[in-house]
Amino acid sequence: MAMMEEGARSCLLQSRSSLEQDIRASYLMDHMISDGVLTGDEEDRIRSKPTRKEQAAALLELLLRKDNQAYISFYNALVRESYGDLASLLHNSLPLVSPEAEKSFSDGGTRYVQAVLSEGGVPQRPVVFVSRPALVNRVREKLYRLQKEPGWVTVFGMAGSGKSVLAAEAVRDHALITECFPGGVHWLSVGQLDRSDLLVRIQSLCFRLEQQSQEKDPSSSLHRPPGSLEEAKERLRFLMLRPNFSTWSISSKWWLSLLILDDIWDSSVLKAFDIQCRVLLTTRDRSLADCVSGSKSEVAVESGLEEDQALEILALYVNGKPQRLPEQARSIVRECKGSPLVVSLIGALLREFPDRWAYYLHTLQQKKFKRIRKSSSYDYDALDQAMAASIQVLSEEHRELYIDLTVLEKDVKVPAKVLSVLWDLEPEEVEDVLQDFVNKSLLFRDCHHRPYLYYLHDLQLDFLAEMNRSGLESLHTKVVCQYQQRYSQGPPTSGDEECLYWFRFLTYHMAKANLTQELCSLMFSLDWVRTKAQIMGPAHLINDYVEYGTILDKEVRGHFQEFLSLNGHQLEQRPFPDVVQLALSQPDSSEVYRQALLQAQERATRGGLYLDWVNKSSLKSLSRLVVQPHQGSIYSACFSHDGTKIASCGSSKTLRVFKSTSGEKLLEIQAHDDEVLCCAFSPDDHLLATCSSDRKVKVWNVERGTLMRMFEDEHEEQVNHCQFTNTLRRLLLATCSNDKFMNTKNTMFGHLEPVNHCCFSPDDAYLSTSSSDGTLKLWEVSSANEWKSIDVADMFPEQREQTEVMVKCSTWSADGRTIICAARNAVFVFDVETAAMLLEIRTSRLSTVQYCHACPSSNLVAIALSHYAVELWDIETSKKMADCSGHLSWVHGVQFSPDGSLLLSCSDDQTVRVWETKKVHTSSAVCLKRDSDVLFNNVIKDLIGIICLSPFSSLPPSLSLPLSLPPLSPSPLSPQVLEVPSGTSLATLQGHTRAVLHCQFTPEGHTLITSSEDTTIRVGPFSFFLILLSSLLWFVISLPVYLETHTCKTSSPSLAPSPQVWDMSSGELLQDLVCHQGAVLACDVSPDGQLFATTSADKTAKVWSSASWECVRLLDGHQDCVRSCRFSWNGRRLATGDDNGEIRICSRDNKDAMDSLHGGWVTDLHFSPDNTVLLSTGGYIKWWNVEKGEALQTFYPTGANLKRIHVSPDFSTFVTIDNIGILYILKKVE
């Protein structure tokens, strides 16, 4: 191996100390590997060094043993990574590479190779050339096999894929020619020829071979040209196979030669060369070699270049650098999928008109192929002629079938079954036709799937669309009609590729066919919604309503789109929920609700069970979209800068990108080895940065999902936040970590505790950082110097000495004049220039602000809170503008869209919610305080007076009965007794020493029993009251309803292992039982009063005799805390539920009648009066068939963690409250 010049080596040694001190080897090695001067193994050895300085030393030591190219590559890497001062140390000693060496390298061979190829008529490299080494090596590998025996190597691909250039490049190799084809390489361009033209071509080839033979052996003579193809074939066989007698010996290989046939179209032409020689052929039809004898191998040429290769070609045509090309260059490459032909044609045109980037991009997008005309040696005058030539060789029948493929979408692969429906042919016939298209490079086949999938190149589709522009509507109509004929009894439900195609693209074909009525009928069908959502998920459905919104009825479209957007996370669940039941929660005015009610009523006549949420009109959902992108907490979510995409990440260690309109997944990456704490888009949306608890920062290509760069040495602890600059003027990525410093290109020191957040100002001049040391610091980006420091901890003088003040985050106003930060339960607004506080926003003292973000188009700031809410404040007027409720756990992040019209929030509840900024307001609904419990007495009281209903048969006409509640003095120890409907506080029940967990009226409604964590119960006389248990403040309750309990004696659950039984008439303690090893969580009395049951945290339930107070049965089959129990109305069965979601029913004959999983904690149980149905509550409400143990219906509340449910005697009405305070009255549909 050549050694490095002495001057360069000496310069490296002199600069070694400075280089080791400053460089990061990991930054430089990526460039050196790309240049081919460093191997992967060498990189691994260097990275194995424990410190940055040792890695730098190892790299320099390796570099000193390499050649001049390595020195140059190292110098260029320093320049690219902004080590300009270090690069200047090496500049004067840069070695020169000899012009001869460069020429030899660029020509790809020696003078001998050039002479052989020139003699054989092999075309020279095009003026603009980019190597495709993987393909070249593949062809050479096949050619080496011809050394042992004659045969055929077929290089095939679609028009303009670069087959001819690849074939010529493959033989431009000294070793290949000397070892395998010392007799020479002979090139013959064929094309579309008739027999007479083919004869002329072979005559010319024979004459050339005879001339070469005569030059080597003067004794040989020239023959007359062959007069027929048969004679020409024999003459060619003689010339190709005879040895070169001047150098021939028995062991000599000099007679071996290679014949290259370029652009073969017809098998009859190929037969003329079936002479037992060695042949390399290029063609669009891979099946041509089937007609000839001998060994065969093939190489498929990809239809497009890699993006970097295509950009390099364009740059060479315009004498520029790829990184300096306009954005239209990248768009041109993407539009043509890197087609070498298109890139070369447009590049040649740009050489003459270098300012026409936008024009040629528009020409390509508008499919005006005639304007992309010949300016090279290609065989066709324009791109459209090259595309048409392939189609013209098809039979008339196959040509008509091929035209039908015009209806396909770009980048969509279809199974043969879809085309079987379209063409009304048997699948086997369809596969034969498709095989012909594939062989002729008119169609591509994905062999990684079974059955095979087929697709067209974008250029082929564009050409077909342009060729059949006037007939597109009729072609799409044909697709719809053929589908309707095949599936007249209903859509396919197999879930295979054909089924998926129809569900995804039937609406597309209807829209393109202008079949508006059929499209509306399909998309406004709840049956279609249910089937498609079950097979494909809700995102594709939402996309349809968004995409075809202009041709659908606006009002009805809004009904269906809202239903799917807000219930999409439910429709992703398995088992798949009952769509009719979900739709019954829609507003009464919705078309979705109307269809659902009709279907529910019809199914109810056949024994189906459906629940109508009758008071849902009091609740208005403000979310535009709810998505569940991860299994686990979501720590960060952000909009792309064009607003069309959202990226999210969290505890699942994954990064997901989805559409902001529908939630459709665009990209999912297993991004890190630990929790992903933050993600951020670059200003052009091409890159995504992620940071993690694994101490790494990664940058991803958004389009491809590939890792572009990884930073693993910059931080020593978890990286909390990352953000790109807002513009591309100087693209920087800022990161901050628990290791107390912040990193852009330069490390910024100054904080004394972990840095939680960093944020660039709108003009990228400053960077704000928020730290657990209680400060907010502003830094100058250009110098990396600290500019200002604001001590936010001073805003909490009463608490500073007790606990540390953590500044969670900061955000800049749109004009950059103010900066907003969050700490504890407050948000502060500071003037940037003076650091003076302008505004303070205080939230509940029992909640903390998790995140805040300023709207880029208004004075709004969004605040994420730990009590599951998002608030919007106007910092100009100091007023709260909106409450956004709906999350079921801590909200970790909020962000406005770039235009401020949307707001997203992400939470521990595994969802990302998108809100419309203009539609949210301060009160979305009248609701209860989160985690409160309500108990109604067994009467209904309306605005006129008290109505006693026994048994309860229907609800009063008005379901919204407002209570006017005065301010109360809340205490978790004292339940409040309120009169309905005045809301007057009648009593505060004092006496409990710990939180009150439960309250219960006796059947006659005159006595109230309460139980507490202090292990006591209290009994008192009350009449017609509403009990509200709250740990904080009073809230409005708008719904009176009748409920009852069926206990006659009462026992109380307790956190102690000893339940107590009381006589309700005298209030005397009847029995104090020590019965469990853990806390007693629930109890119930049998209807006849002979038995009562207790459940406990010790995972058991026990049945007791009321007469003897002895345990008559131990139930120990549960695997977790047994939280609920209920006797059936006939007393023959006892249902128990645990925290693992398991429900068990035991009967008096000691057999388990049911064993089913509810999912989550089972907090309450109720039997129907006929004992055939069991109701259970927890995260949702389920109704079960007792005999079969099968779920009959599930109701999903907006919130979660339902504690108790109150059931009317006829089992037709159900009332409960979720953990975010929403009250539900459910009525059976009849």
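A quick note: this is a predicted structure, and the numbers were derived from the prediction, not measured. (Residues numbered from 1 in each chain as written. Predicted model: local features only at pLDDT ≥ 70, side-chain atom pairs only at ≥ 80, totals over all residues. Heavy atoms only, no water.)

### A closer look at the overall build of the protein chain
In step 1: Assigned secondary structure in the protein chain consists of 32 helices and 64 strands.
In step 2: Buried positions account for 56% of the 1230 residues belonging to the protein chain.
In step 3: Of the contacts made within the protein chain by residues no fewer than 6 positions apart, 55% connect residues no fewer than 24 positions apart.
In step 4: Surface summary for the protein chain: the accessible area is close to 53100 Å², and the carbon and sulfur share equals 49%. (Helix = DSSP H or I, 4+ residues; strand = E, 2+ residues; numbered from the N terminus. Buried < 20%, exposed > 50% of the residue type's maximum accessible area, 1.4 Å probe, protein only. Contact = heavy atoms within 4.5 Å. Areas by Shrake-Rupley, 256 points an atom, 1.4 Å probe, with all protein chains shown as cover.)

### Quick word on the packing of aromatic side chains
In step 1: Counted under the stated rule, the structure contains 23 aromatic pairs.
In step 2: When the ring of Tyr501 is compared with that of Trp502, the centres are 5.5 Å apart and the planes differ by 80°; the resulting orientation is edge-to-face. One exposure class covers both Tyr501 and Trp502, and it is buried.
In step 3: With a centroid separation of 5.4 Å and an interplanar angle of 55°, the aromatic rings of Tyr1180 and Tyr1196 are classed as tilted. Of this pair, Tyr1180 sits in the loop between β59 (1173-1177) and β60 (1181-1185) while Tyr1196 sits in the loop between β61 (1190-1195) and β62 (1205-1207), and the two are 16 residues apart along the sequence.
In step 4: For Tyr1196, a relative accessible area of 17% puts it in the buried group. (Phe/Tyr/Trp six-rings, centres within 6.5 Å; stacked < 30°, edge-to-face > 60°.)

### Quick look at the sheet that holds strand β24 (residues 766-771)
In step 1: Read from one edge to the other, the open sheet built from 4 strands follows the order β23-β24-β25-β26, with strand pairing classed as antiparallel. Of all the strands in the sheet, just β23 (755-760) and β26 (785-791) have a single pairing partner and so form its edges. Each strand of the sheet is rotated relative to its neighbour by a mean of 20°, with strand direction disregarded.
In step 2: Pairing geometry for β23 and β24, over 5 bridges, is antiparallel. (Pairing = 2+ DSSP bridges. Axes fitted to C-alpha atoms, helices over the stretch in contact; angles between N-to-C directions.)

### Things to note about the pattern of salt bridges
In step 1: In the structure shown here, the tally under the stated rule is 46 salt bridges.
In step 2: Measuring nitrogen to oxygen at the nearest pair gives 3.5 Å for the salt bridge that ties Lys440 to Asp285. Remark: Asp285 occurs in the loop between β4 (278-283) and β5 (295-300) and Lys440 occurs in the loop between α23 (427-439) and β7 (444-446); sequence separation between them is 155 residues. Take Lys440 and Asp285: they sit in the same class, and that class is buried.
In step 3: We note a salt bridge from Glu307 to Arg330, for which the minimum N-O separation is 2.5 Å. Here the residue Glu307 occupies a position in helix α16 (residues 307-317), and Arg330 occupies one in helix α17 (residues 327-335), the gap between them amounting to 23 residues.
In step 4: Overall, the relative accessible area of 26% leaves Arg330 in the partly exposed class.
In step 5: Taken together, the salt bridges that share partners define one network made up of Arg16, Glu20, Glu61 and Arg65. (Salt bridge = Lys/Arg side-chain N within 4 Å of Asp/Glu carboxyl O.)

### Overview of helix α28 (residues 526-536)
One turn of the α-helix equals 3.6 residues, which is why residues spaced by three or four share an orientation.
In step 1: Where α28 is concerned, the buried positions are Leu526, Trp528, Val529, Thr531, Lys532, Ala533 and Met536.
In step 2: Taken together, the buried residues of α28 touch α26 (497-512), α27 (516-523), α29 (538-547), α30 (554-571), α31 (579-583) and α32 (591-604).

### Some details on the nonpolar core
In step 1: Counting residues in hydrophobic clusters, the biggest one holds 116 residues, and the most contacted among them are Tyr402, Leu405, Trp423, Leu434, Phe437, Tyr545 and Phe563.
In step 2: No other element matches the 8 residues that α26 contributes to this core.
In step 3: Filtering out sequence-adjacent residues up to four positions away, Tyr545 remains in contact with Met523, Phe524, Val529, Leu552, Arg557, Phe560, Gln561 and Leu564.
In step 4: Counting 43 residues, the second largest nonpolar core, distinct from the first, contains Ala8, Ala689, Val699 and Phe724. (Core = buried A, V, L, I, M, F, W, Y, C linked by side-chain atoms within 4.5 Å.)

### A look at the side chain of Ser26
In step 1: Tracing the chain through its elements places Ser26 in helix α3 (residues 25-34).
In step 2: Dropping the residues within four chain positions of it, Ser26 is found in contact with Arg47 and Asp713.

### Examining the pairing of strand β28 (residues 818-823)
In step 1: When you tally the buried positions in β28, you get 6 out of 6 residues, the bulk of the element.
In step 2: In the sheet, strand β27 (residues 807-812) pairs with β28 via 5 bridges, with the strands oriented antiparallel. Bridge assignment links Trp812 to a residue of β28, and that residue is Ile819.
In step 3: If you look at the hairpin formed by β27 and β28, you'll find 5 residues sitting between the two strands, and Gly816 has a positive phi there, around 75°.
In step 4: In this sheet, strand β29 (residues 826-831) lies alongside β28 in antiparallel orientation, the contact comprising 6 bridges. Note on β29: the bridge partner recorded for Ala823 is Ala826.
In step 5: Between β28 and the antiparallel strand that follows it, β29, lie 2 residues; Arg824 among them carries a positive phi value of about 55°.

### Focus: the sheet that holds strand β51 (residues 1091-1096)
In step 1: Ordered in space as β50-β51-β52-β53, the 4 strands form an open sheet in which the pairing is antiparallel. Every other strand in the sheet has two partners, leaving β50 (1080-1085) and β53 (1111-1115) as the edge strands with one partner each. For this sheet, the mean angle separating the axes of adjacent strands, direction not counted, is 15°.
In step 2: Bridge count between strand β52 (residues 1101-1105) and β53: 4 bridges; the pairing is antiparallel. The residue of β53 that forms the bridge with Val1103 is Arg1113.

### Considering the state of the cysteines
In step 1: The final tally for this structure, using the stated rule, is 0 disulfides.
In step 2: This cysteine, Cys691, is not joined by any disulfide, and Cys722 carries the nearest cysteine sulfur, 3.9 Å off.
In step 3: Look at Cys691 and you get buried, because its relative accessible area is 0%. (Disulfide = S-S within 2.5 Å.)

### Looking at unusual backbone geometry
In step 1: A cis amide bond links Arg450 with the next residue in sequence, Pro451, at an omega value of 0°.
In step 2: The backbone phi angle of Asp424 is positive, close to 55°, even though this residue is not glycine.
In step 3: By secondary structure assignment, the location of Asp424 is in the loop between α22 (416-423) and α23.
In step 4: Positive phi outside glycine occurs at Phe1211, with the angle close to 60°.
In step 5: In this structure, Phe1211 sits in the loop between β62 and β63 (1213-1217).

### Comments concerning helix α5 (residues 52-63)
In step 1: The terminal C-alpha atoms of α5, which comprises 12 residues, lie 17 Å apart, in line with the 16 Å expected from a rise of 1.5 Å per residue.
In step 2: Along α5, the residues classified as buried are Gln55, Ala56, Ala58, Leu59, Leu60, Leu62 and Leu63. (Expected span 1.5 Å × (residues − 1).)

### Brief notes about the packing of helix α21 (residues 396-404) against α23
In step 1: With their axes 11 Å apart at the nearest point, α21 and α23 run at an angle of 85° to one another. When the axes of α21 and α23 are compared, the pair comes out roughly perpendicular. Of the residues in α23, those touching α21 at His398, Leu401 and Tyr402 are Val433, Asp436 and Phe437.
In step 2: Residue composition of the contact of α21 with α23, grouped by class: 4 nonpolar, 1 polar and 1 charged. (Parallel < 35°, antiparallel > 145°, perpendicular 65-115°, else oblique. Nonpolar A, V, L, I, M, F, W, Y, C, P; charged D, E, K, R; others polar.)

### Some details on the environment of Phe830
In step 1: Topologically, Phe830 is positioned in strand β29.
In step 2: Looking at Phe830, the relative accessible area reads 0%, which means it is buried.
In step 3: A C-alpha to C-alpha distance of 9.8 Å links Phe830 and Trp812, two positions 18 residues apart in sequence.
In step 4: Not counting residues up to four positions away in its chain, the partners in contact with Phe830 are Leu776, Ile790, Val792, Met795, Arg817, Thr818, Ile819, Cys821, Ala835, Ala836, Met837 and Leu838.

### Some words on the environment of Ser693
In step 1: You can see Ser693 is positioned in the loop between β16 (687-692) and β17 (697-701).
In step 2: Ser693 gets classed as buried once you look at its relative accessible area, which sits at 16%.
In step 3: Along the backbone, Ser693 and Asp674 are 19 residues apart, and their C-alpha atoms lie at a distance of 5.6 Å.
In step 4: In contact with Ser693, other than residues within four places in its own chain, are Asp674, Glu675, Leu677 and Gln718.

Read these as geometric descriptors, not functional statements.
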